[in-house]
Amino acid sequence: MAAAVEGPELEAAAAAGDASEDADAGSRARPFLGGNRLSLDLYPGGCQRLLHLCVQQPLQLLQVEFLRLSTHEDPQLLEATLAQLPQSLSCLRSLVLKGGQRRDTLGACLRGALTTLPAGLSGLAHLAHLDLSFNSLETLPACVLQMRGLGALLLSHNCLSELPEALGALPALTFLAVTHNRLQTLPPALGALSTLQRLDLSQNLLDTLPPEIGGLGSLLELNLASNRLQSLPASLAGLRSLRLLVLHSNLLASVPAGLAHLPLLTRLDLRDNQLRDLPPELLDAPFVRLQGNPLGEASPDVPSSPVAALIPEMPRLFLTSDLDSFPVTPRGCSVTLACGVRLQFPAGATATPITIRYRLLLPEPGLVPLGPHDALLSHVLELQPHGVAFQQDVGLWLLFTPPRARRCREVVVRTRNDNSWGDLETHLEEEAPQRLWAHCQVPHFSWFLVVSRPVSNACLVPPEGTLLCSSGHPGVKVIFPPGATEEPRRVSMQVVRMAGRELQALLGEPEAAVSPLLCLSQSGPPSFLRPVTVQLPLPSGITGLSLDRSRLHLLYWAPPAVTWDDITAQVVLELTHLYARFQVTHFSWYWLWYTTKNCVGGLARKAWERLRLHRVNLIALQRRRDPEQVLLQCLPRNKVDATLRRLLERYQGPEPSDTVEMFEGEEFFAAFERGIDVDADRPDCVEGRICFVFYSHLKNVKEVYVTTTLDREAQAVRGQVSFYRGTVPVQVPEEAEAARQRKGADALWMATLPIKLPRLRSSEEPRRRAGLSLAPLNLGDAETGFLTQSNLLSVAGRLGPDWPTVALHLGVSYRELQRIRHEFRDDLDGQIRHMLFSWAERQAGQPGAVGLLVQALEQSDRQDVAEEVRAVLELGCRKYQDGIRRTGLAPKDPALPGSSAPQPPEPAQA
C-alpha cells in the first residue's frame, strides 16, 4: 500500500532508506547513518552495529534524532542495546522498534522478540514518536507511561489484552494506534487524553466502550472496526470535533441518535452490523455507509450471544457434489460444499427466492488469467446466475493448500467482472497447517479462483502528488510530483526478486548482479503530465561509491514486446550510496543490471523467463492389481519423492522422467504409442492424446484406462507414453525417437516412459474372451441399457463419503466393506472404485444390474446420481435407435420374415 504519513515525526522516521540485499551475497551493507537519521531495521545484526557505534561514540551519533531498529534479535542483546540509548542518543525524537521484517510461509509479517522495555528509556526527554508495532508485548512497558512528551504511540500487532489507567496521564499524546491486539476493555482514564486527535482500536475484542470516551474533545478520527461491540455509549455524541467514525464489522443493533448531530462528521461507516433501524437523519445521510445490515426486519428475541442468535436461525446446507444447485431465500443460508467451498448468504441478501447453481471446473487456460509471476492455487469455481447483484455482499470461502515459503507474495481471490478479471480484498483463515481458507465478500456471482501473486501495492494519485512505497522492498519507491495528473488515477506496483546465484550461473559471470524487478501499472491516460521519479536499490553488493557506471544498465520492457530495451542512455540516472533514481512519464517494467556484458536485452529476456520456470518431472504408474489403469502426473521436482512414497503401495512403474522446465499454465499432452491406446471417451482426450495444463500448486494428475490391439494372450505388450509440449498438433510422431531428434528449446517432445501390459494368465482367459477387459466393461443388458467403464468412473467420482451406504444397498457385505477400507486406507477414490468395479464384474451378464444400481442410489438419498445414470441410459437407447434407422435395419413390422434382428443398444459415453 502507499506509504502513510503520520505527522512530521513519522514522515522523517520513514524517510530513512534501506538496502535490499540478496541472500546469496551475504551482508555487505554498512549502517546507514546520514545526518540526524540512523536506520538499522533491515540490516542483519542491527543491535551489534549500534552497540559498536555506542562504544566508538562518533560525533555524528550525538546528532541522531531518528532511530529505526529491528526487534528480530536475541532478546538479551536487544535489551542491552536499548539500555544504551539514553546515554548515547540523548537527542532522540523518534524511536521505531518494529518487528515484521521477516515473513512466514504465507508472506505474513512475523512478530519481533520485544516483550518489554528497559526502565531507563523514560530518560529520553525529547522522544515524541514511539513505534512498537509487530512485537510480543502483553503489557505496556512502565517506562512508556513516563514519557511526558510523547505525541505518537503505535502499538499495533501485539498481544495486549488491556491498557493501563496511567495511559490517560500522557499530556501531549495526539495519535494512539492499538490495532490487531486482544483488547477486551478500555480504561475509563482514556477519556482524559484531552489532546488526542486520532485513535485506532480496530481488530480487537472490545464488546463495550466506557462512557468516559466522550471526553475526548479534540478527537478527529475514531476507528473501532472489527470488534464485538453490541452497543455504543450515548456520550459519543459529545465528540464535537469528530470527522471520521468507523464502526463496521461489529454486532451493533442500534447507535445513539446524537451521532446525527455531530457538526463536523463527514464519514460514518456502519457496514456489516446487526442494525435493524436508524434515526431518520442518519438513514438518509450521504456520508453514512450501511451495507450488510438487516434494516427494516423484525427484531428477534435477544439471546445471550448475538452471533449465536443469528446462525441457528439460518438454514444450513451440506452438498457433496461438484455440480449441483441449491435454493436461497430472503432468510439467508449457510452452504458448505465438499469440494472445499463455503458460502454465507446473510438475511436479506436476496428479496425473492433464487436458485444458485455451482460447478467446480478444471483450470483450463481460457478460465485462468495469470500474470507472468502468478501461481494458481485452486480449481475454478463457477457460481450462477452470473452478474445478478445481491442486496448484501455474500461471504465466500475457498479452501487451498498454502504455497511454499516465498518472500513478498500474497494470496488473493480472482474473479471475472464485466469481461475483465480483477482481484478481491482477501483475508486468510487457517484451519490446519496445510489447510487455509481464502475469504472475501462478493456482490454478485461469476468465476472465482485462488491465486498467489507478488505483493501488490497501490494508491490513488491526486493532482497534489503522493508517494508510493513497496511493502516488501522498502527501498523501491515512486514519487509523484504535484501536477503529474489532472484527475486522480490509481497506480500499482509489484516487485520480484531474482537470486544472484541463479543470475551468475546464467551469465557465467561471478560479479553480475541485478536489482529487484519492478512492474508499474496505472489506470487512465498512458502518460503523466510531469515526470515521475522511480527509486530502485542498486544491485546487491554494489554501492554508489564503488560501481563502474559503464557496467550499469537500466532495462525497460513494455508488453507485448518480446525483448527488453536498454534505456540507460535515454534517462538521467541519479546515484546515491544505495539507490538509483530516474524519471519516467509512463509505466511498465524496469530492471537494473550490473554486468560486463554490452548487449543485455536478450540476456534479460532469458533471466526473466528463468524467474517463471518450474523444474518438473513426469510420472507414469500402473495400478498393481490392474495394469490397464495408468496414472499420469506432472509435478515440481521437490514433490516427487514424497508423492512416490505415497503411491508406490498401490502403483508400480518406471522412475520419473528427467527434469524438464515448464511455465505456470503451460499446456502439454500425453500420447500412448506402440500399440497402446486410451480405452474411453474423455472430454480431455483428442485422438488418443490426453491434454494437461501444468499448475505448480495443483496435482496435475489424470488416471486413464488403456487397452491394446495386440495379442496379450501370447505375449506381454510393451508400449510407451510420451509427453509433448503445447496444444495437441495435427500429427504426432509415432515413435518418440523422431521427436527426440529435434534440438532447441522449442522441441515438442519432453519425455517418454515405458508402459507394460503383462501377458494374460490362463485363469483370466475365459473372462477376457468374454470381453470384460480387452473391451470396455458393459454393465447391464439390452432391455435396461448398458453402462461403460467411463460411466462407472463418473458415478464413482460423485459418490464421495456416501459410498458405504450405497455399497450396503448393493448387497456388499459389511465384512467386505471393512476389507476394502483397510486395503485402500487413506485413499477414498480407491475405496469407491474398487467397491463399484468389483460389484460390476460380479454382475456381468446378470439382467437388471443397472436397475439395482439406480435403486441403491435412491435408497442412499443420492437421487442426483440416480438421475444421471438414467440420463446416460436414455442417451444410449436414443443413439441405438438413431443408429439402426440410419443403417436401415429398423423393420416396419418385426413379424415380417427376413427382417434383421437389431443389436443391443450402443453404450453411451459420459
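Residues numbered from 1 in each chain as written. Predicted model: local features only at pLDDT ≥ 70, side-chain atom pairs only at ≥ 80, totals over all residues. Heavy atoms only, no water.

Some details on the overall build of the protein chain
Convention followed: The way it works is that DSSP assigns letters per residue, a run of H or I at least four long becomes a helix, a run of E at least two long becomes a strand, and they are numbered from the N terminus. Exposure is judged per residue with a 1.4 Å probe applied to protein chains only, and the accessible area is read against the type maximum: over 50% gives exposed, under 20% gives buried, and values in between give partly exposed. Contacts are assigned to residue pairs that have any heavy atoms within 4.5 Å of one another. Per-residue and other accessible areas were derived by the Shrake-Rupley procedure at a 1.4 Å probe size, with only the shown protein chains allowed to occlude residues.
Scanning the protein chain from N- to C-terminus turns up 17 helices and 50 strands. Within the protein chain, buried positions represent 49% of all 910 residues. Counting only contacts in the protein chain whose residues sit at least 6 apart along the sequence, the fraction spanning at least 24 positions is 61%. In the form shown here, the protein chain has an accessible surface area of approximately 42,100 Å², with 51% of it arising from carbon and sulfur atoms.

Section: the packing of helix H12 (residues 789–799) against helix H15 (residues 828–842)
Just so we agree on the cut-off: Each axis is a line fitted through C-alpha atoms, and for a helix only the stretch in contact is used; angles between axes span 0 to 180 degrees, taken between their N-to-C directions. Roughly parallel covers angles under 35 degrees, roughly antiparallel covers those over 145, roughly perpendicular covers 65 to 115, and oblique covers all other angles. Each crossing gets its handedness from the near helix: less than a right angle anticlockwise from the far helix is left-handed, clockwise is right-handed.
Contact pair H12 / H15: the axes reach a minimum separation of 9 Å and the direction vectors enclose 140°. One element, H12, and the other, H15, form an angle in the oblique class. Here H12 runs over H15; the crossing is right-handed. Contacts between H12 and H15 involve Gln 789, Leu 792, Leu 793, Val 795, Ala 796 and Leu 799 from the first element and Ile 832, Arg 833, Met 835, Leu 836, Phe 837 and Ala 840 from the second.

Things to note about the sheet that holds strand E47 (residues 717–725)
The line we're drawing: Strand pairing follows a simple DSSP-based rule, namely that at least 2 bridges must link the two strands.
An order of E44-E45-E42-E47-E48 is seen for the five strands of this open sheet, with the pairing classed as antiparallel. Where the open sheet ends on each side, the last strands, each with one partner, are strand E44 (685–686) and strand E48 (749–757). The pairing of strand E42 (residues 667–673) with E47 spans six bridges and is classified as antiparallel. For Phe 668, the partnering residue across the bridge sits in E47 and is Arg 725.

Some words on the sheet that holds strand E32 (residues 532–537)
Pairing within the open sheet is antiparallel, and its five strands lie in the order E27-E28-E32-E36-E35. Both edges of this open sheet fall to strand E27 (466–469) and strand E35 (574–575), since each of them pairs with a single strand only. Alignment of E32 against strand E36 (residues 579–584), held across six bridges, turns out to be antiparallel. By the bridge assignment for E36, Pro 537 is matched with Tyr 579.

Examining the pairing of strand E31 (residues 517–522)
In this sheet, E31 lies alongside strand E29 (residues 489–496) in antiparallel orientation, the contact comprising six bridges. Opposite Val 495, over in E31, you have Leu 518 as the bridge partner. Pairing between E31 and strand E37 (residues 589–594): two bridges, direction antiparallel. By the bridge assignment for E37, Cys 519 is matched with Trp 589.

Concerning the UniProt feature "active site" (unreviewed entry) in the protein chain
Heads up, the rule is: UniProt positions are given in the numbering used here, feature names are shortened, and annotations may be inferred rather than shown by experiment.
Taken from the UniProt record, the annotation "active site" (unreviewed entry) applies to His 444, Ser 446, His 586 and Ser 588. Mapped onto the secondary structure, Ser 446 falls in the loop between strand E24 (435–442) and strand E25 (447–454). Overall, the relative accessible area of 5% leaves Ser 446 in the buried class. Residues in contact with Ser 446, not counting those within four places in the same chain, are Leu 381, Glu 382, Leu 383, His 386, Thr 415 and Arg 416. With respect to the element layout, His 586 can be found in the loop between E36 and E37. Ignoring any residue separated from it by four or fewer positions in sequence, one finds His 586 in contact with Pro 526, Ser 527 and Tyr 556.

Remarks on the pattern of salt bridges
Proximity of charged atoms lets side chains of opposite charge pair with each other. Short version of the rule: Note on definitions: salt bridges are taken to be side-chain nitrogens of Lys or Arg within 4 Å of carboxyl oxygens of Asp or Glu.
The tally for this structure, following the rule as stated, stands at 18 salt bridges. Measuring nitrogen to oxygen at the nearest pair gives 2.9 Å for the salt bridge that ties Glu 666 to Arg 725. Within this pair, whereas Glu 666 is found in the loop between strand E41 (660–663) and E42, its partner Arg 725 is found in strand E47, the two being separated by 59 residues in sequence. Of the two residues, Glu 666 and Arg 725, neither departs from the other in class, the shared state being buried. Residues Arg 862 and Asp 802 are paired through a salt bridge, measuring 3.0 Å at the closest nitrogen-oxygen approach. One end of the pair, Arg 862, is in the loop between helix H16 (849–859) and helix H17 (863–886); the other, Asp 802, is in the loop between H12 and helix H13 (803–809), and 60 residues separate them in sequence. Its relative accessible area of 23% is what places Asp 802 among the partly exposed residues. Members of the salt-bridge network, linked through shared partners, are Asp 374, Glu 410, Arg 414, Asp 423 and Arg 453.

Points about H16
Spacing of three or four residues puts side chains on the same side of an α-helix, whose turn is 3.6 residues. How we decide: Summarising the geometry, the arc corresponds to the directions from the helix axis toward the C-beta atoms.
If you check which residues of H16 are buried, you get Ala 849, Val 850, Leu 853, Val 854, Ala 856 and Leu 857. End-on view of H16: buried residues confined to an arc of 160°, all on one side of the axis. Residue Asp 861 follows H16 closely and has a positive phi angle near 60°.

Comments concerning the nonpolar core
For soluble globular proteins, the rule of thumb is that nonpolar side chains tend to be buried together. Under the convention used in this document: Put simply, buried Ala, Val, Leu, Ile, Met, Phe, Trp, Tyr and Cys residues joined by side-chain atoms within 4.5 Å make one nonpolar core.
Membership of the largest hydrophobic core comes to 75 residues, with the highest contact counts inside it found for Leu 176 and Leu 222. Elements represented by at least two residues in this core include exactly strand E2 (37–40), helix H2 (46–56), strand E3 (66–70), helix H3 (75–83) and strand E4 (94–98). At four residues, H2 tops the list of elements feeding residues into this core. Leave out the neighbours within four places in its chain, and Leu 176 touches Leu 153, Leu 155, Leu 167, Leu 190, Leu 196, Arg 198, Leu 199 and Asp 200.

Details of unusual backbone geometry
Trans peptide bonds make up most of the peptide bonds, and negative phi angles are found at most residues other than glycine. Omega for the peptide link from Gln 384 to Pro 385 comes to 10°, which places this bond in the cis form. Residue Pro 560 follows Pro 559 across a cis peptide bond; omega there is 5°. Residue placement: Pro 560 occurs in the loop between strand E33 (552–557) and strand E34 (565–566). Even without glycine at this site, Arg 674 takes up a positive phi of about 60°. Residue position: Arg 674 is located in the loop between E42 and strand E43 (676–678). The partly exposed category is assigned to Arg 674, whose relative accessible area is 40%. Although it is not a glycine, Asn 700 adopts a positive phi angle of roughly 50°. By the secondary structure assignment, Asn 700 is in the loop between strand E45 (689–693) and strand E46 (701–708). Given a relative accessible area of 9%, Asn 700 falls into the buried group.

Section: the packing of aromatic side chains
This is how it is decided: To pair, rings of Phe, Tyr and Trp, with the six-membered ring standing in for Trp, must have centres within 6.5 Å; the planes then decide the type, stacked if under 30 degrees apart, edge-to-face if over 60, and tilted in the middle.
Under the defined criterion, the tally for this structure stands at 21 aromatic pairs. Centroid distance Trp 557 to Trp 608: 4.6 Å. Interplanar angle 50°. Geometry classified as tilted. Here the residue Trp 557 occupies a position in strand E33, and Trp 608 occupies one in helix H8 (residues 601–612), the gap between them amounting to 51 residues. The same class applies to Trp 557 as to Trp 608, namely buried. Ring centres of Phe 582 and Tyr 590 lie 5.6 Å apart, and the angle between their planes is 50°; this geometry places the pair in the tilted category. Tyr 590 matches Phe 582 in its accessibility class, with the two residues each being buried.

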